[in-house]
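Architecture at a glance
Each chain is listed here by its residues.
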Amino acid sequence: MDGLGKCRNIVLVGFMGTGKSTVSRILSERLGWERIDTDEEIERRAGKTIPQLFAEEGEQSFRNWESRVLEDVLSGSGKVVATGGGAVLRESNRRVMLAGGWVVALTADKDSLIKRVSSSAAAGSRPLLAGDAEARVTALLESRQRAYDFAQATIDTSRLSPADVANMMLNWMR
Ligand code: S3P
């Protein structure tokens with residue numbers, strides 16, 4: 001990172017439960033930048049929750065919403081964008097993200113992820129983890145092994161608080 005001036009937007013990518021939303025909130029407050037969570041933006045535009053969207057329109061429709069929202073929000077500047085865990089799967093999305101900002105991947109070990117996504121607050125909000133969350137995380141992690149490697153920086157959040165992660169990023173931006 002060559003200083004704040006060169007960074008148009010910050011884009012957080014990473015598996016479900018890596019802390020993208022919480023870290024984006026802290027960064028947005030500290031920088032005075034607008035925070036966009038692509039899942040929340042999709043829900044607002046579609047007028048449906050993510051589980052409803054998956055159930056009624058299917059995953060492909062959700063992915064189309066996701067691509068449209070990414071393109072729209074990253075055409076501007078001064079935003080901290082938290083993306084959904086699968087936003088990295090389309091090559092076109094990866095291109096839009098790299099062209100639109102500084103892409104930082106948050107990672108965490110499997111046990112930390114399972115603990116975080118199984119908390120009562122998180123349960124039910126992620127259709128891809130419905131049923132046996134542990135088995136679903138294991139299978140998805142396996143299939144997405146290298147999916148976040150395109151990011152320009154990576155932070156392992158397993159033993160860091162969201163504030164630690166945000167501080168690390170802010171230090172890199174100086
Ligand atoms: C998904 C992750 C979710 C949400 C949707 C699909 C995924 O976002 O976009 O349920 O494919 O990994 P979070 O990573 O914010 O949970």
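See above for the structure.
Fair warning: this is a prediction, and the values are worked out from it, not measured in the lab.

1. Overview of the overall build of the protein
Across its full length, the protein carries eight helices and five strands. Taken from the N to the C terminus, the helices and strands of the protein come in the order β-α-β-α-α-α-β-α-β-α-α-β-α. Taking 174 residues into account, the globule formula puts the C-alpha radius of gyration at 16 Å, and the protein, at 15 Å, falls close to it. Split into buried and exposed, the 174 residues of the protein put 47% on the buried side. Excluding contacts between residues fewer than 6 apart, the proportion of contacts in the protein whose partners are at least 24 apart in sequence is 73%.

2. Structural notes on the pattern of salt bridges
One pass over the structure, following the stated rule, counts 13 salt bridges. With a closest N to O distance of 3.9 Å, Arg35 and Asp37 form a salt bridge. Taking relative accessible area as the criterion, Arg35 reaches 21% and is therefore assigned partly exposed. Notably, a salt bridge pairs Lys48 with Glu57, separated by 2.8 Å at the nearest N-O pair.

3. Observations concerning the layout of surface pockets
The probe, sized like a water molecule, is rolled over the atoms to show the empty space still left. What the largest pocket holds in volume is close to 800 Å³. Along its surface, the largest pocket is lined by 37 residues, and Gly17, Ser21, Asp39, Ser125 and Arg126 are the ones closest to its centre. Looking at the lining of the largest pocket, the elements with two or more residues in it are α1 (20-31), α2 (38-46), α3 (50-57), α4 (59-73) and α8 (162-173). It is α1 that provides the largest number of residues to the lining of the largest pocket, a total of five residues. Its boundaries defined by the atoms lining it, the second largest pocket holds a volume of some 240 Å³. In this structure, the second largest pocket is lined by 15 residues; those nearest its centre are Thr107, Leu141, Arg144, Gln145 and Tyr148. Elements that contribute at least two residues to the lining of the second largest pocket include exactly β4 (102-107) and α7 (133-143). Ranked by residues supplied to the lining of the second largest pocket, first place goes to β4 with three residues. Its residues assigned to classes, the lining of the second largest pocket shows seven nonpolar, five polar and three charged.

4. A closer look at helix α5 (residues 91-100)
Taken together, the buried positions of α5 are occupied by Asn93, Met97 and Gly100. What you see down the axis of α5 is that its buried residues fit within an arc of 75 degrees, all on one side. In α5, the exposed positions angled more than 90 degrees off the buried face are occupied by Arg95 and Ala99. As for α5, its buried residues are in contact with β1 (9-14), α4 and β4.

5. Thoughts on the sheet that holds strand β3 (residues 79-82)
Pairing is parallel in the open sheet, where five strands are placed in the order β2-β3-β1-β4-β5. Edge positions in the open sheet fall to β2 (34-37) and β5 (153-156), since each of these has one partner strand only. When strand polarity is set aside, the average angle formed by the axes of neighbouring strands in this sheet is 20 degrees. Two elements, β4 and β5, share four bridges in a ladder whose sense is parallel. By the bridge assignment for β5, Ala105 is matched with Thr154. Across the sheet, α2 lies against β2 and β3, angled at about 75 degrees from β2, the strand it touches most.

6. Let's talk about the packing of α2 against α4
Packing of α2 against α4 leaves a shortest axis separation of 10 Å and a crossing angle of 110 degrees. Relative to α4, the element α2 lies roughly perpendicular. When α2 is examined against α4, the residues Thr38, Asp39, Glu41, Ile42, Arg45 and Ala46 are found in contact with a partner set consisting of Phe62, Trp65, Glu66, Val69, Leu70 and Asp72. Its residues placed into classes, the contact of α2 with α4 shows six nonpolar, one polar and five charged.

About the cut-offs
- Residues numbered from 1 in each chain as written.
- Predicted model: local features only at pLDDT ≥ 70, side-chain atom pairs only at ≥ 80, totals over all residues.
- Heavy atoms only, no water.
- Helix = DSSP H or I, 4+ residues; strand = E, 2+ residues; numbered from the N terminus.
- Rg over C-alpha atoms; globule rule 2.2 N^0.38 Å.
- Buried < 20%, exposed > 50% of the residue type's maximum accessible area, 1.4 Å probe, protein only.
- Contact = heavy atoms within 4.5 Å.
- Salt bridge = Lys/Arg side-chain N within 4 Å of Asp/Glu carboxyl O.
- 1 Å grid on protein atoms, 1.4 Å probe; cavity = no way out; pocket = protein on both sides within 12 Å on 5 of 7 lines; lining within 4 Å.
- Points joined across faces, edges and corners; volume = space filled by probe spheres on them.
- Nonpolar A, V, L, I, M, F, W, Y, C, P; charged D, E, K, R; others polar.
- Arc of directions from axis to C-beta.
- Pairing = 2+ DSSP bridges.
- Axes fitted to C-alpha atoms, helices over the stretch in contact; angles between N-to-C directions.
- Parallel < 35°, antiparallel > 145°, perpendicular 65-115°, else oblique.

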